[in-house]
Amino acid sequence: MQTKNFDRLYLSAEPVNYKIDDASITVRTFGEGRPLVLIHGFAVNGSTWRKMIPELAKHFTCYVVDLPGFGDSQWDKKTDFTFTAQSRRLVKLFKKINISNYSIIAQNTGASISRIVAITEQDNVKKLVLINTEIPNHRPPFIPLYQFFAKLPYANLMFRSLIKIDAFVRSRFFLKEFYFDKSKLRDKENLDRYLTPLKSSKDKMFGMLGYLKGIEWKVIDNFAKLHGEIKTRTLFVWGENDKTFPIEIAKKMPAQFNAGCKLVNISKASLMPHEERPDEVLKKVIPFLMNDGQ
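Predicted model only: the values in this text are computed from it and were never measured.

1. Digging into unusual backbone geometry
Phase 1 of the analysis: One non-glycine residue, alanine 43, adopts positive backbone phi at about 75 degrees.
Phase 2 of the analysis: With respect to the helices and strands, alanine 43 occurs in the loop between β3 (34–39) and α2 (53–56).
Phase 3 of the analysis: Residue tyrosine 154 is not a glycine yet carries a positive backbone phi of 65 degrees.
Phase 4 of the analysis: The residue tyrosine 154 is located in the loop between α5 (143–150) and α6 (155–162) in this model.

Okay, structure coming up:
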């Protein structure tokens, strides 16, 4: 399927906003079958799953979420963007739209938020797929520094100015580690879906900065213990060329789980293997989700 067809399918689904506490969460629904929730990571939105949705929708009812801070979700100055609050809103969302016994595919920060959901909703989360995500006691380059800058006066203007500079966007200071194939960083059609709202809107940038400040490192570090409380079987899918979350460190995490966990690697892929090599990711993910005994 060509890029335009992926986009057309994604945009064909009606975005539905659900008011949950101090924010609204946007959900797009595709397919039919067992419930499957897809949760994006930092700096992107639900469209990051566009290349996987056509195949997943053959087997599952896919609920594609825009977390508060990104996409079509809504927020304001009172919104709590912490991982803890994001996970709490998701649990309330799932109850509101009446889904249970669901599986989750999530990437990056979305996968950290999903781990909190899996810990608090032990009986509802059936399978967990986590893609290139935070690792206990590891700090990805520049993120803690950017959290500091995000709290400064004029941070909104500063970050909007920076992302208008192509060299900055493609550098290691921002999106360089998104893709193993660096030519994808020059694909404006691909990146504009994420960058254009941030460039043009103070409110959208406010959401991104709020989300950034909401990353809770104490929670992430505590996963080293809390992973053992996750009852569902878990699959880590890792772009092996990612320097943000190195696979050699990530390989230590499965041993922290008691319910069964393994890590599989995707070659020639970095932070976004589901965008860069979706077919390879699907080959790992669908059998795991479909096999009740796995």
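2. Concerning the packing of helix α3 (residues 83–96) against helix α4 (residues 109–120)
Phase 1 of the analysis: Packing of α3 against α4 brings their axes to within 9 Å, and their N-to-C directions diverge by 60 degrees. Our classification of the angle between α3 and α4 gives oblique. Handedness of the α3/α4 crossing: right-handed. Judged by residue contacts, Phe83, Thr84, Gln86, Ser87, Leu90, Val91 and Phe94 of α3 engage Thr109, Ser112, Ile113, Ile116, Val117 and Thr120 from α4.
Phase 2 of the analysis: Of the residues assigned to the contact of α3 with α4, the class counts are seven nonpolar, six polar and no charged.

3. A word on helix α13 (residues 278–290)
Each α-helix turn comprises 3.6 residues. Residues three or four places apart therefore point the same way.
Phase 1 of the analysis: With 13 residues, α13 should reach 18 Å at 1.5 Å per residue; the first-to-last C-alpha distance of 17 Å fits that figure.
Phase 2 of the analysis: The set of residues buried in α13 consists of Pro278, Val281, Leu282, Val285, Ile286, Phe288 and Leu289.

4. A short note on the pairing of strand β2 (residues 23–30)
Phase 1 of the analysis: Within β2, seven of the eight residues are buried, which leaves it mostly tucked inside the rest of the structure.
Phase 2 of the analysis: As consecutive antiparallel partners, strand β1 (residues 16–20) and β2 are separated by two residues, and within that stretch aspartate 21 has a phi angle of approximately 55 degrees, a positive value.
Phase 3 of the analysis: Sheet topology note: the β2/strand β4 (residues 60–66) ladder contains five bridges and is antiparallel. Note on β4: the bridge partner recorded for phenylalanine 30 is cysteine 62.

5. Some words on the side chain of arginine 28
Phase 1 of the analysis: Along the chain, arginine 28 turns up in strand β2.
Phase 2 of the analysis: Side-chain polar atoms of arginine 28 contact the side chain of tyrosine 10, separated by 3.2 Å.
Phase 3 of the analysis: A polar contact of 2.5 Å, which involves the side chain of arginine 28, links it to the side chain of aspartate 72.
Phase 4 of the analysis: Discounting chain neighbours no more than four positions away, the residues touching arginine 28 are Tyr10, Ala13, Glu14, Pro15, Cys62, Tyr63, Val64, Asp66 and Asp72.

6. A word on the nonpolar core
Across soluble globular proteins, you tend to see nonpolar side chains buried next to one another.
Phase 1 of the analysis: Judged by nonpolar contacts, the single largest core of 69 residues is most densely connected at Val37, Leu90, Leu93 and Ile104.
Phase 2 of the analysis: With six residues, the single largest contributor to this core is α4.
Phase 3 of the analysis: Discounting chain neighbours no more than four positions away, the residues touching isoleucine 104 are Leu36, Val37, Ile39, Ser114, Val117, Val125, Lys127, Leu128 and Val129.
Phase 4 of the analysis: Ranked by size, the runner-up nonpolar core spans 27 residues in total, among them Leu36, Met52, Val237 and Leu282.

7. Observations regarding the packing of aromatic side chains
Think of a pair of aromatic rings as described by two things: how far the centres are apart, and how the planes are tilted against each other in angle.
Phase 1 of the analysis: In the structure shown here, the tally under the stated rule is 13 aromatic pairs.
Phase 2 of the analysis: Considering the side-chain rings of phenylalanine 42 and phenylalanine 70, the 5.9 Å spacing of their centres and the 85 degrees angle between planes classify their relative orientation as edge-to-face. Of this pair, phenylalanine 42 sits in the loop between β3 and α2 while phenylalanine 70 sits in the loop between β4 and α3, placing them 28 residues apart in sequence. Across the pair, phenylalanine 70 and phenylalanine 42 agree in class, each one buried.

8. With respect to the packing of α5 against helix α9 (residues 202–213)
Phase 1 of the analysis: Interhelical geometry of α5 versus α9 gives an angle of 125 degrees and a closest axis separation of 9 Å. Relative to α9, the element α5 is oriented oblique. For α5 against α9, the interelement crossing comes out left-handed. Contacts from Ile143, Tyr146, Gln147 and Ala150 of α5 reach α9 at Leu209, Leu212 and Lys213.
Phase 2 of the analysis: When grouped by side-chain class, the residues that make up the contact of α5 with α9 number five nonpolar, one polar and one charged.

9. Focus: α5
Phase 1 of the analysis: Of the positions making up α5, those classed as buried are Ile143, Tyr146, Gln147 and Ala150. Seen end-on, α5 carries its buried residues on one side only, within an arc spanning 105 degrees.

10. Side note on the sheet that holds strand β8 (residues 261–266)
Through backbone hydrogen bonds, the strands of a sheet pair up, either in parallel or in antiparallel fashion.
Phase 1 of the analysis: In spatial order, the strands read β1-β2-β4-β3-β5-β6-β7-β8; together these eight strands make up an open sheet with mixed pairing. The open sheet has two edge strands with one neighbour each: β1 and β8. Neighbour-to-neighbour, the strand axes of the sheet open up by a mean angle of 25 degrees, direction not taken into account.
Phase 2 of the analysis: Taken together, the five bridges between strand β5 (residues 102–107) and strand β6 (residues 125–131) define a ladder with parallel strand orientation. In the sheet register, isoleucine 105 faces β6, and the bridge partner there is valine 129.
Phase 3 of the analysis: Sheet strands in contact with α3 are β1, β2, β3, β4 and β5, and its direction is about 120 degrees off that of β1.

Rules used in this analysis
Residues numbered from 1 in each chain as written. Predicted model: local features only at pLDDT ≥ 70, side-chain atom pairs only at ≥ 80, totals over all residues. Heavy atoms only, no water. Helix = DSSP H or I, 4+ residues; strand = E, 2+ residues; numbered from the N terminus. Axes fitted to C-alpha atoms, helices over the stretch in contact; angles between N-to-C directions. Parallel < 35°, antiparallel > 145°, perpendicular 65-115°, else oblique. Left-handed = near helix turned anticlockwise from the far one by under 90°. Contact = heavy atoms within 4.5 Å. Nonpolar A, V, L, I, M, F, W, Y, C, P; charged D, E, K, R; others polar. Expected span 1.5 Å × (residues − 1). Buried < 20%, exposed > 50% of the residue type's maximum accessible area, 1.4 Å probe, protein only. Pairing = 2+ DSSP bridges. Polar contact = N/O pair within 3.5 Å; in protein donor to acceptor, adjacent residues only side chain to side chain. Core = buried A, V, L, I, M, F, W, Y, C linked by side-chain atoms within 4.5 Å. Phe/Tyr/Trp six-rings, centres within 6.5 Å; stacked < 30°, edge-to-face > 60°. Arc of directions from axis to C-beta.

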